[in-house]
Amino acid sequence: MWYAILSEDVRDSLDKRRAARSAHLARIRLLADAGRLLIAGPHPAVDAADPGPAGFTGSLVVADFDSLDDARTWAGEDPYVTAGVYGKVTVKPFRQVLP
């Protein structure tokens, strides 16, 4: 089943994001390589594809897991969590309707 992982950054997270980015993306690439990733990306803090020093306010990952517990465990082990980038992470079941 698909699960939406909605993460919210702490204030002034940009430096922490930069430091943990490669490890964070490597985990997401594993999901993609396994055919388990629907979508993933950050939420810019301003209305721009490249927010520059404004940074990001959080991220969204929609991926396939065996259970809600598995999705929560995966989300809790994200390098952005351990690096202190995310202040809050919410995991919810997701049902894709379109496209």
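Details of the structure are given in the entry above.
The structure presented is a predicted model; accordingly, all values stated were derived computationally and were not measured.

About the criteria used
- Residues numbered from 1 in each chain as written.
- Predicted model: local features only at pLDDT ≥ 70, side-chain atom pairs only at ≥ 80, totals over all residues.
- Heavy atoms only, no water.
- 1 Å grid on protein atoms, 1.4 Å probe; cavity = no way out; pocket = protein on both sides within 12 Å on 5 of 7 lines; lining within 4 Å.
- Points joined across faces, edges and corners; volume = space filled by probe spheres on them.
- Helix = DSSP H or I, 4+ residues; strand = E, 2+ residues; numbered from the N terminus.
- Pairing = 2+ DSSP bridges.
- Axes fitted to C-alpha atoms, helices over the stretch in contact; angles between N-to-C directions.
- Contact = heavy atoms within 4.5 Å.
- Phe/Tyr/Trp six-rings, centres within 6.5 Å; stacked < 30°, edge-to-face > 60°.
- Buried < 20%, exposed > 50% of the residue type's maximum accessible area, 1.4 Å probe, protein only.

K.L.:
Could you clarify how one ought to interpret the layout of surface pockets in this entry?
P.N.:
Using a probe with the size of a water molecule, rolled over the atoms, empty space left in the structure can be pinpointed. One number sums up the size of the largest pocket: a volume of about 260 Å³. Every residue lining the largest pocket is counted, 16 residues in all, and those nearest its centre are R17, R21, L25, P42 and Y80. When contributions to the lining of the largest pocket are tallied by element, the ones reaching two or more residues are α1 (14–33), β2 (37–44) and β3 (56–64). Among the elements that line the lining of the largest pocket, the one with the most residues is α1, at seven residues.

K.L.:
What exactly am I supposed to notice about unusual backbone geometry here?
P.N.:
Outside of glycine, negative phi angles account for most residues, and trans bonds account for most peptide bonds. In this structure, the amide linkage connecting L98 to the following residue, P99, adopts the cis form with an omega of -15°. With respect to the helices and strands, the residue P99 is situated in the segment after β4 (86–94). Of note, the phi angle at D12 is positive, near 50°, even though the residue is not glycine. The topology assignment puts D12 in the loop between β1 (2–9) and α1.

K.L.:
Looking at this model, I keep getting lost on the sheet that holds β3. Mind explaining?
P.N.:
Each strand in a sheet pairs with another by means of backbone hydrogen bonds, the pair being arranged parallel or else antiparallel. With antiparallel pairing, the four strands of this open sheet are ordered in space as β2-β3-β1-β4. For this open sheet the edge positions go to β2 and β4, each flanked by a neighbour on one side alone. Ignoring which end each strand starts from, the neighbouring axes of this sheet average 10° apart. In terms of strand pairing, β1 meets β4 through eight bridges, oriented antiparallel. Note on β4: the bridge partner recorded for D9 is Y86. Across the face of the sheet, α1 comes into contact with β1, β2, β3 and β4 while running at roughly 10° to β3. Those strands touched by helix α2 (residues 68–76) are β1, β3 and β4, and its axis lies near 155° from that of β4.

K.L.:
Would you mind going over the packing of aromatic side chains with me for this structure?
P.N.:
The description of an aromatic ring pair rests on the distance of the ring centres and on the angle between the ring planes. Enumeration over the complete set of coordinates arrives at three aromatic pairs. Note on Y80 and Y86: the rings are 5.5 Å apart at their centroids and 85° apart in plane angle, and the pair reads as edge-to-face. Just as Y80 is buried, Y86 falls in that class too. Through successive ring pairs, a cluster of aromatic residues spans Y3, F65 and W74.

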